[in-house]
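Descriptive analysis of the structure
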Amino acid sequence: MKNYFSKPSLIPDNEEERIERLNQYCIVDTASERTFDNVASIAAELFDTPGAFVSFVDTDKVFFKANLSNLPINKVLREDSLCSIAIHENELCIINDTHLYDDLKQKPFVACEGGIRFYAGAPIKTEDGYNIGTVCVIDSKPRHDVSEFQYSVLKKLAGVVLDKLESMKAKRKIAKIADDRLHHMVHNVLNPLTSIGLSAQQIQRKTEEGNLIHRLAHTIVENTRSTEQMLSKMLSDAASEEQYIELEITSINPKEIIGEVCASLGQILSNKRQQIKLDISTDTSIKADRQRLIDILTNYLSNASKYSPFGSEICVSCKEHDDSIIFSVNDKGQGILRSEIDLLFTKFSNLSSVPTANERSHGFGLYSVKILADMHNGKVWAESEGRGKGSTFFLQLPK
């Protein structure tokens, strides 16, 4: 580790390549996440300091992915941040007392009342050697009593952050591969789907409103329109080779979204004479991508119908917990073997359950559900007591 020494420039020699590496992780200006907050919390407890950050040094700013301090913002100008200095170090940047350095004393977060006197930062180093950010701690008083053990753990925490970034990048690549494979299929499906919708509209116009054929035609029109929108969005998401699925976060009422999903699958449920029982005990809104949440719940409910017998009941639940909302879909169908529970959310899983009306299953839906839940910082899982005893699928989202 090194104590602070003055740099003639805050811009590293490999700046262009360094920013390119940072951009590959798609982390700047994203919402806070529990993993990064936990890393900062451990660092603060380890050093017994009032402030800790997980920061990323961008072109003109330093972005705080985790901010455990009194600072009410999540980004500062690059020239004002000590993290801009820390990324020059291969090991650690240690500033025992900022007031010993004239150039540091002029920085706004040092010069202000209660400003930074002590700083310790471990660079977040990519596998090919580019420092893209730091895990750092700060104190308003100078510190000279820090141990080698504390510095060693701080470096390990920076490694944990990089592992998390690599994991997130890998998931984006996996989803991109899935998008590419589906891209061609979507193009082939859209045209006949449009024709089906137009034909159903013609049937509507030529039949008396309210009779069975008119109602069925209306259901076809609505479902084809919804499917067209979903497929078009899929094409939009796959349009850029470098861009991953972007979430459009809005405030959503769980009761409304469940009602919409149940209505969209009404004909499918009716064909198997299946009944929906709702158990919704909260009106608390959540922040989520509306269409993605519909995709998840539609998958759960359609699977429940697919693997349940004719005339059975399916329970859709939504309950509020301390820091999350949990959706669940329970059926009285075939159930899941305990040996297969862990395979449910893997890609193209081949399980022993067979749809009760010869419906098709491609083994991709639940894998997509897990990706979408991960993007929301959520969690998915399933429970079953075994074959013939039904199953329950869960989605947990932070409030």
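Before reading further, recall that the structure is shown in the block above.
Keep in mind the model is a prediction, meaning the values are calculated, not measured.

Moving on to the sheet that holds strand β11 (residues 313-320). What the 5 strands build is an open sheet, ordered β9-β11-β12-β14-β13; its pairing is mixed. Two strands bound the open sheet, and with one partner strand each, they are β9 (275-280) and β13 (379-383). Between one strand axis and the next, the sheet turns through 15° on average, direction left out of account. Looking at chain direction, strand β12 (residues 324-331) and strand β14 (residues 391-398) are connected through 8 bridges and run antiparallel. Directly across from Ser328, in β14, lies its bridge partner Phe394. In the packing of helix α8 (residues 254-264) onto the sheet, the strands contacted are β9, β11 and β12, and the crossing angle to β9 comes to about 175°. Strands β9, β11, β12, β13 and β14 of the sheet are contacted by helix α10 (residues 290-306), whose axis makes an angle of about 170° with β14.

The next thing to look at is α8. Of all the residues in α8, the buried ones are Pro254, Ile257, Ile258, Val261 and Cys262. The buried side chains of α8 occupy one side of the element, clustering within an arc of 135° when seen end-on. Of the exposed residues in α8, those oriented more than 90 degrees away from the buried face are Lys255, Glu256 and Ala263. Contact partners of the buried residues in α8: β8 (249-252), α9 (266-271), β9, α10, β11 and β12.

Bringing the side chain of Lys107 into the picture now. Inspection of the secondary structure puts Lys107 in the loop between α4 (102-105) and α5 (108-111). For the buried Lys107, which has no salt bridge, the nearest side chain bearing the opposite charge is Asp80, at an N-O separation of 5.8 Å. A polar side-chain atom of Lys107 sits 2.6 Å from the main-chain carbonyl oxygen of Glu79. Dropping the residues within four chain positions of it, Lys107 is found in contact with Glu79, Asp80, Leu82 and Ile85.

Time to look at the packing of α8 against α10. Put simply, α8 and α10 touch, their axes get as near as 10 Å, and they point 55° apart. By the angle between their directions, the pair α8 and α10 is classed as oblique. The interaxial crossing formed by α8 with α10 has right-handed handedness. Note on element contacts: α10 touches α8 through Arg290, Leu293, Ile294, Leu297, Thr298 and Leu301, opposite Ile257, Ile258, Glu260, Val261 and Cys262. Per-class residue counts for the contact of α8 with α10 are 8 nonpolar, 1 polar and 2 charged.

Counted under the stated rule, the structure contains 19 salt bridges. Among the ionic pairs, Lys61 bridges to Asp58, the shortest N-O distance being 3.3 Å. Its relative accessible area of 15% is what places Lys61 among the buried residues. Asp58 sits in the buried class, given a relative accessible area of 11%. Here Asp102 ties to Lys105 by a salt bridge, and the two come within 3.7 Å at their closest N and O atoms. Of the two residues, Asp102 and Lys105 are both situated in helix α4; the distance of 3 residues between them amounts to about one turn of the helix.

Attention now goes to the packing of α10 against helix α11 (residues 365-375). Between α10 and α11, the shortest axis-to-axis distance is 10 Å and the interhelical angle comes to 145°. Relative to α11, α10 is oriented so that their crossing is left-handed. Note on element contacts: α11 touches α10 through Gly365, Leu366, Val369, Leu372 and Ala373, opposite Arg292, Asp295, Ile296, Asn299, Tyr300 and Asn303. Here the residues of the contact of α10 with α11 sort into 6 nonpolar, 3 polar and 2 charged.

Reading guide: rules and limits
Residues numbered from 1 in each chain as written. Predicted model: local features only at pLDDT ≥ 70, side-chain atom pairs only at ≥ 80, totals over all residues. Heavy atoms only, no water. Pairing = 2+ DSSP bridges. Helix = DSSP H or I, 4+ residues; strand = E, 2+ residues; numbered from the N terminus. Axes fitted to C-alpha atoms, helices over the stretch in contact; angles between N-to-C directions. Contact = heavy atoms within 4.5 Å. Buried < 20%, exposed > 50% of the residue type's maximum accessible area, 1.4 Å probe, protein only. Arc of directions from axis to C-beta. Lys, Arg positive; Asp, Glu negative; His and termini not counted. Salt bridge = Lys/Arg side-chain N within 4 Å of Asp/Glu carboxyl O. Polar contact = N/O pair within 3.5 Å; in protein donor to acceptor, adjacent residues only side chain to side chain. Parallel < 35°, antiparallel > 145°, perpendicular 65-115°, else oblique. Left-handed = near helix turned anticlockwise from the far one by under 90°. Nonpolar A, V, L, I, M, F, W, Y, C, P; charged D, E, K, R; others polar.

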